[in-house]
Amino acid sequence: MSTAYENDQDRWNAVDGYVTDLLVPADDALTTALAASEEAGLPPIAVAPNQGKLLHLLAVTQGARSILEIGTLGGYSTIWLARALPADGRLITLEYSPAHADVARANLAHAGLDTIAEVRTGAALDTLPKLEAEGAGPFDLVFIDADKVNNPHYVAWALKLTRPGSLIIVDNVVRGGKVATPHPDDPAITGTREMFDLIAREPRLDATAVQTVGTKGYDGLLIARVTE
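Each chain has its residues counted from 1, running along the sequence as written. Residue-level local features of this predicted model are given only where pLDDT is at least 70; pairs of side-chain atoms are given and counted only at 80 or more, and the full residue set underlies all totals for whole chains, interfaces and linings. Only hydrogens and water are set aside; all other atoms, that is, all heavy atoms of the structure, feed into the side-chain values.

Student: How should I be thinking about the packing of helix H6 (residues 124-134) against helix H7 (residues 151-160) in this particular structure?
Tutor: In a pair of packed helices, the angle between the axes and the distance between the axes together describe the arrangement. Relative to each other, H6 and H7 sit at 10°, their axes nearing to 11 Å. Taken together, the axis directions place H6 and H7 in an arrangement best described as roughly parallel. Here Ala124, Leu125, Leu128, Pro129 and Glu132 of H6 lie close against H7, whose contacting residues are His153, Tyr154, Trp157 and Lys160. When residues are grouped by polarity, Ala, Val, Leu, Ile, Met, Phe, Trp, Tyr, Cys and Pro land in nonpolar, Asp, Glu, Lys and Arg in charged, and all others, Gly among them, in polar. The residue makeup of the contact of H6 with H7, split by class, is six nonpolar, one polar and two charged. Lines fitted to the C-alpha atoms define the axes, with helices restricted to the stretch that makes contact. Angles between their N-to-C directions range from 0 to 180 degrees. A helix here means a DSSP run of H or I that spans at least four residues, while a strand means a run of E at least two residues long, and both kinds are numbered starting from the N terminus. When an angle is under 35 degrees it counts as roughly parallel; over 145 it counts as roughly antiparallel; between 65 and 115 it counts as roughly perpendicular; any other value is oblique. Any two residues whose heavy atoms approach within 4.5 Å are treated as being in contact.

Following this line, the structure appears as structure tokens:
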């Protein structure tokens, strides 16, 4: 007998719960990261567990040894990504808020990943040129989950800091379907559309985007491969 749901969100939550319970069992580090983020008053916008597992699998499949993350929050997605790296791998994650960065550093230390993952604080568009000057790249995978207004700039910087074969993943690119609005009045949607336009014109990127539903609502992610 089929289960009755009051609305689509209840259905999406149920399916996410089913998948997560079977394939993405919780552990102390991940549970602690979410609890510490909530206690510190961080917004509940970390990736869902099944999406975190997807990031992990993509990084493992990529054979990533170096990862750049733009947008740390409390470090939940950072833990998923850092766990995909070998012992001598490295992850640099950029966080605008010093308070959020402190929570993330504590969560990474609790997960035993503070020797692999480094949190850098400040506006990403200020930090990214410093990474380039340091010769920090090329990164095998870049995950972008920060302010959407600057998505075009983040993708442009990701292209500078990667190599042929690298992956660039951008979260929250569907915006509840509003990304299809031709003349949006939301700067986040405008930035996301400008990012799509940039990627569509960029011959060095081969990309697609998929719509997603789940505990985080209706959204989606973009995956691009650097081709040359």
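Next comes the rest of the account.
Student: Looking at this structure, how should I read the layout of surface pockets?
Tutor: Remark: the empty space left among the atoms is shown by a probe the size of a water molecule rolled over them. Its volume calculated, the largest pocket comes out at about 630 Å³. Forming the walls of the largest pocket are 36 residues, and the residues nearest its centre are Ile45, Asp145, Ala146, Lys148 and Asn172. Of all the secondary-structure elements, those providing two or more residues to the lining of the largest pocket are helix H4 (76-82), strand S2 (90-95), H6 and strand S7 (217-226). Tallied by class, residues from the lining of the largest pocket come to 16 nonpolar, 12 polar and eight charged. A pocket here means an open set of points on a 1 Å grid, computed over the protein atoms alone, that has protein on both sides within 12 Å along at least five of seven lines. A cavity is instead a set of points where a 1.4 Å probe fits but cannot get out; residues with an atom within 4 Å of a point line either one. Grid points are joined across faces, edges and corners, and a volume is the space filled by probe spheres set on the points. By volume, the second largest pocket is sized at about 200 Å³. Looking at the second largest pocket, it is lined by 14 residues, and the ones nearest its centre are Leu34, Pro44, Ile45, Ala46 and Lys216. For the lining of the second largest pocket, the element with the most residues is helix H2 (residues 28-39), which contributes three residues.

Student: Before we go on, may I ask you to explain empty space enclosed by the protein in this structure?
Tutor: Scanning the model with the defined rule gives one cavity of 30 Å³ or more in all. By volume, the largest cavity is sized at about 60 Å³. For the largest cavity, the full set of lining residues is Val47, Gln51, Leu54, Leu55, Phe143, Asp171 and Leu221. Broken down by element, the residue count for the lining of the largest cavity peaks at three residues, all from helix H3 (residues 49-62).

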